[in-house]
Amino acid sequence: GGGGGGGGPPLATEWPRAPGRRATRVYQYDKNMFVQDGEVPSSIGSSLYEARQEDDGGGEFDSEAQEEVAEGGEGDGDTPVIGPTSPQRAYLSSMAVDPNTRSSTRKIAYRSSMPINPRLIKVLPPPRKSEVEAGRSESVGGKVAEKGTFVDMFRSSSPYIQSHRGEVMVIHVNSGVMDDEALFSALIDDLALIKLLGVKPVLVVSSRQQVEDRLALEGHATCKYYNNHRITDAQTLKTVKECSGLARSEVEARMSRSLRTSGTAGTAVNVVSGNFFFTAQPIGVIDGVDYQYTGDVRKIDAKNMRARLDAGDVVLLTSVGYGASGESYYVLTADLAAKCAGALGASKLVWITAGQTIVSRNTGEILQSMRLSDAKAFLHHYGVDWRDRKMKSAPPLARLKEISSNLTHVDMLDERVGHATASTLRLCRHSVTALEAGVRRAHILTPSSGDLLRELYTCDGAGTLISRDMYDSVRPAEDGDVMGILDLIQPLIDKGILVSRSHLQLQAELDNAYVQVRDDVPVACGMLIPYGLDHAEISCLAVNPRYRGKGRGDIMLTYLERVAVTSGIHNVFVLSTQTMQWFQERGFNEVDLESLPESRQAIYNHRRGSKVYMKHLRSLRDVDAEEHFLGQKL
């Protein structure tokens, strides 16, 4: 069972040992994929694999380096060189994990970019109506119990309120939400509330489902599609106008009396819509198919839109666009939302879906965050090229079934799953386009009451976040970086902040080191050294003096925290004698020496007397929150 992912240990082979480095082994996953000491090469492209520590009784480590450790110490985020007593054996079990041995395993992250394996991403379809009603009946008065008191939650949301105030957010609402009275009413209340909290919202409302239902009710032929695009004839365009007008009036009416409670008149919110925010043009004839009145977004009038937002209005856009010749066109609202967000330089693009969620195949839990590179890999996995401007939507369901069959997935046999996956791919593609155009973050949410507020104003969120990667210049340290790291830490050694390190010591610690580079020259560095299953020390954090004050230290710190959480480690600590305030400002709290793992206490340098600071990271969303606030400062 070496190649199947769950039948036993992979095949092992010796890996050439570099001078002064411990002997390592490489374990074969299949004929093209290998893993070395828990590090996953880019050919595998997975962020998490289970690795089990086993004692061979014959591990090798550079004895000369160990002798030098005895004379070393620790300083601000510094640690002696500690080598393993035996080589690690990594058993790849991402497809199946034995619950009886889970307690003895730990997760090892792919150190360079920590990508999410797209094979491990699954889309769940929206719940059926009966399931939604059952869920509502179980809640008390339609309200879902929250953790903590109101005061606790309100206090914890204050940084997000301040951060989002004055920011432009483009929010796209799926047409299915309009048909649910309770969901639509709650969503409008939430939109009105974020408006009162200082957000400048642009609301893009789809009416696709209403158009199809109206055409079917009137006995017209089923809408024709080509490449998953509707071909809009004159009759269909007339129905699009009617449904878009109805959606517009519904939003305006509900916004005028939103947040109404017993004994209050509610809060009126001004809504502005019209033909002056964007222009459209016909798609034309593609591959011999005339799309007639199906159009594309030609230009976004960002200046006019911003003027209305600055005046305190909510901008409302629908699927009807107007051309310079006076013609009307049906445009894809998802494409409109993405282009609008990019033109406005919006901080967020929010998708309120029909109810589908993105989950992990391994855990079944919602995938809380994805990097931009993860979203691109997810699209590529299903044959979607986000750079193809002619491709406005996801592959048709038949194509998804074909791909799924080739990958031995059976999800697409359920058409509800297939349609939900296609819809999610479309949203991911538009999210990637928007982020490449300058939008900082995209969010994919269900329409559940309160999810928008939880996503924007709590650390845990409620949906899936897609964010740009600020770590493009960060990578694992290599042999050629040792001299550059020595140059970075030498000024801190001279000031007594860090303990002196030799070239040989750094070479031995290189597996735990990361560097941020410019023109392939290290300008910042840091180390993440694990102790036990749930603790790791952040050490040797240093930035070139020429690049200080530009957030590079924060980038290195949050990167190391992301590596820790991705590796299953939720407690990180530093040892400091002079720079403790910098760490305290970033969420570290002073703790007793006894709070450290016993293995770290055993090598603590009492003569130096460093103070210990620890930080608990619950999930990747904690790191996402730090990146959000950091991104606003950079």
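Residues numbered from 1 in each chain as written. Predicted model: local features only at pLDDT ≥ 70, side-chain atom pairs only at ≥ 80, totals over all residues. Heavy atoms only, no water.

Asker: Just give me the short version of the overall build of the chain, but keep the residues and values in it.
Answerer: Counting its regular elements, the chain contains 19 helices and 30 strands. Residue burial in the chain is summarised as follows: out of 634 residues, 52% are buried. Considering only intrachain contacts with a sequence separation of at least 6, the fraction spanning at least 24 residues in the chain is 75%. (Helix = DSSP H or I, 4+ residues; strand = E, 2+ residues; numbered from the N terminus. Buried < 20%, exposed > 50% of the residue type's maximum accessible area, 1.4 Å probe, protein only. Contact = heavy atoms within 4.5 Å.)

Asker: An account of the side chain of Arg 441 is requested, with residue identities and associated values reported.
Answerer: Relative to the assigned elements, Arg 441 resides in strand β22 (residues 441-445). Those residues within four positions of Arg 441 in sequence are excluded, and the remaining contacts are Ser 347, Lys 348, Leu 349, Leu 435, Leu 465, Ile 466, Ser 467, Asp 624, Glu 627 and His 628.

Asker: Can you tell me about the pairing of β22, naming the residues and giving the values?
Answerer: Counted residue by residue, β22 has five buried out of five residues, so it is predominantly covered. The alternating pattern of β22 places Arg 441, His 443 and Leu 445 and Ala 442 and Ile 444 on opposite faces, both of which are buried. Note that strand β19 (residues 348-352) and β22 share five bridges and pair parallel. Of the residues in β22, the one forming a bridge with Leu 349 is Ala 442. Where β22 lies against strand β23 (residues 464-467), four bridges are found, and the strand directions are antiparallel. Within β23, the position partnered with His 443 by the bridge is Leu 465. (Pairing = 2+ DSSP bridges.)

Asker: Which residues make up helix α14 (residues 482-494), and what are the values?
Answerer: Taking 1.5 Å as the rise per residue, α14 with 13 residues should run 18 Å; its terminal C-alpha atoms sit 18 Å apart, in good agreement. Approximately 30 degrees is the largest bend angle found in α14, and it occurs at Leu 488, with the proline Pro 491 only one to four residues beyond. All of the buried residues in α14 are Val 482, Gly 484, Ile 485, Leu 486, Leu 488, Ile 489, Leu 492 and Ile 493. Buried residues in α14 make contact with α15 (503-509), β25 (513-518), β26 (521-531) and β27 (535-543). (Expected span 1.5 Å × (residues − 1). Bend = angle between axes of the 7 residues up to and from the residue.)

Asker: An account of the packing of helix α5 (residues 181-196) against helix α7 (residues 234-255) is requested, with residue identities and associated values reported.
Answerer: How two helices sit against one another is set out by the angle between their axes and by the gap between those axes. As a packed pair, α5 and α7 sit with axes 10 Å apart at the nearest point and diverge in direction by 60 degrees. As judged from the angle between their axes, α5 and α7 are oblique. Viewed along their axes, α5 and α7 form a crossing whose handedness is right-handed. Contacts between α5 and α7 involve Glu 181, Phe 184, Ser 185, Ile 188, Leu 191 and Ala 192 from the former and Glu 250, Val 251, Arg 254 and Met 255 from the latter. Grouping the constituent residues of the contact of α5 with α7 by class yields six nonpolar, one polar and three charged. (Axes fitted to C-alpha atoms, helices over the stretch in contact; angles between N-to-C directions. Parallel < 35°, antiparallel > 145°, perpendicular 65-115°, else oblique. Left-handed = near helix turned anticlockwise from the far one by under 90°. Nonpolar A, V, L, I, M, F, W, Y, C, P; charged D, E, K, R; others polar.)

Asker: Which residues make up helix α8 (residues 302-310), and what values go with them?
Answerer: When we look at burial in α8, the residues that qualify are Ala 302, Met 305 and Leu 309. Across the axial projection of α8, the buried residues extend over an arc of 65 degrees, all falling on one side. Turned more than 90 degrees off the buried face of α8, the exposed positions are Lys 303 and Asp 310. Along its buried surface, α8 packs onto β7 (168-173), β8 (200-205), β15 (295-300), β16 (314-317) and α9 (333-344). (Arc of directions from axis to C-beta.)

Asker: I'd like a rundown of the packing of aromatic side chains, residues and numbers included.
Answerer: Throughout the structure, instances matching the rule amount to six aromatic pairs. Aromatic side chains Tyr 514 and Tyr 559 sit 5.6 Å apart centroid to centroid with 65 degrees between the ring planes, which places their arrangement in the edge-to-face category. In this pair, Tyr 514 sits in strand β25 while Tyr 559 sits in helix α16 (residues 552-566), placing the two residues 45 residues apart along the sequence. Note on accessibility: Tyr 514 and Tyr 559 belong to one class, buried. Seen in terms of ring centroids, Tyr 531 and Phe 573 are 6.1 Å apart; in terms of plane orientation they differ by 45 degrees. Their pairing is tilted. You can see Tyr 531 sitting in strand β26 and its partner Phe 573 sitting in strand β28 (residues 571-576), a full 42 residues away along the chain. Take Tyr 531 and Phe 573: they sit in the same class, and that class is buried. Members of the aromatic cluster, each reached through a chain of ring pairs, are Trp 582, Phe 583 and Phe 588. (Phe/Tyr/Trp six-rings, centres within 6.5 Å; stacked < 30°, edge-to-face > 60°.)

Asker: Quick rundown of the sheet that holds β23? Include the residues and the values.
Answerer: Read across the sheet, eight strands follow the order β11-β16-β8-β7-β19-β22-β23-β21 without closing on themselves; strand pairing throughout is mixed. The two strands at the open ends of the sheet, each matched to only one other strand, are β11 (271-272) and β21 (369-371). Along the sheet, α8 makes contact with β7, β8, β11 and β16, crossing β8 at roughly 120 degrees.

Asker: Hey, could you go over the confidence of the model for the chain for me, with residue numbers and the actual values?
Answerer: Summary statistics for the chain give a mean pLDDT of 75 and a share of 71% for residues scoring 70 or more. Confidence drops under a pLDDT of 50 for residues 1-113, and excluding neighbours within four residues, the segment shows 251 contacts in the predicted structure. Per-residue pLDDT stays below 50 along residues 136-146; that stretch engages in five contacts with residues further than four places along the chain or on separate chains. (pLDDT = per-residue confidence, 0-100.)

Asker: Describe the pairing of β8, naming the residues involved and giving the relevant values.
Answerer: Counted residue by residue, β8 has five buried out of six residues, so it is predominantly covered. Sheet analysis places β7 next to β8, joined by six bridges and oriented parallel. Counted as the bridge partner of Val 173 is Val 205 from β8. As defined by bridge partners, β8 adjoins β16 across three bridges and the pair is classed as parallel. When the bridges of β16 are listed, Val 202 appears paired with Val 315.

Asker: Can you lay out the packing of helix α6 (residues 208-217) against α7 for me, pointing to particular residues and giving the numbers?
Answerer: In contact at an axis separation of 9 Å, α6 and α7 are set at 125 degrees when each is read in the N-to-C sense. Taken together, the axes of α6 and α7 are oblique relative to one another. Handedness of the α6/α7 crossing: right-handed. Taken together, the residues of α7 that come into contact with α6 (itself represented by Gln 210, Val 211, Arg 214 and Leu 215) are Thr 236, Thr 239, Val 240, Glu 242 and Cys 243. Looking at side-chain class alone, the contact of α6 with α7 contains four nonpolar, three polar and two charged residues.

Asker: Any details on the sheet that holds β28? Residues and values, ideally.
Answerer: Sheet strands associate in pairs through backbone hydrogen bonding, adopting either a parallel or an antiparallel arrangement. Spatially, the seven strands line up as an open sheet ordered β24-β25-β26-β27-β28-β30-β29, and their pairing is mixed. Across the chains shown, the open sheet's two edge strands, defined by having one partner strand only, are β24 (474-476) and β29 (589-591). Averaged over all pairs of adjacent strands, the angle between their axes in this sheet comes to 35 degrees, without regard to strand direction. By the bridge criterion, six bridges tie β28 to strand β30 (residues 611-616) in an arrangement that is antiparallel. The partner of Asn 571 across the bridge, within β30, is His 616.

Asker: I'd like a rundown of a nonpolar patch on the surface, residues and numbers included.
Answerer: On the surface, a nonpolar cluster with roughly 410 Å² of combined accessible area is contributed by Phe 150, Val 151, Met 153 and Phe 154. Take Val 151: its relative accessible area is 42%, and that puts it in the partly exposed class. (Patch = residues over 30% accessible without salt bridge, like charges linked within 9 Å, V, L, I, M, F, W, Y side chains within 5 Å. Areas by Shrake-Rupley, 256 points an atom, 1.4 Å probe, with all protein chains shown as cover. Salt bridge = Lys/Arg side-chain N within 4 Å of Asp/Glu carboxyl O.)

Asker: I'd like to hear about the side chain of Asp 296, residue by residue, with values.
Answerer: Looking at the secondary structure, you find Asp 296 in strand β15. Polar contacts involving the side chain of Asp 296 include one to the side chain of Lys 339, which spans 3.3 Å. (Polar contact = N/O pair within 3.5 Å; in protein donor to acceptor, adjacent residues only side chain to side chain.)

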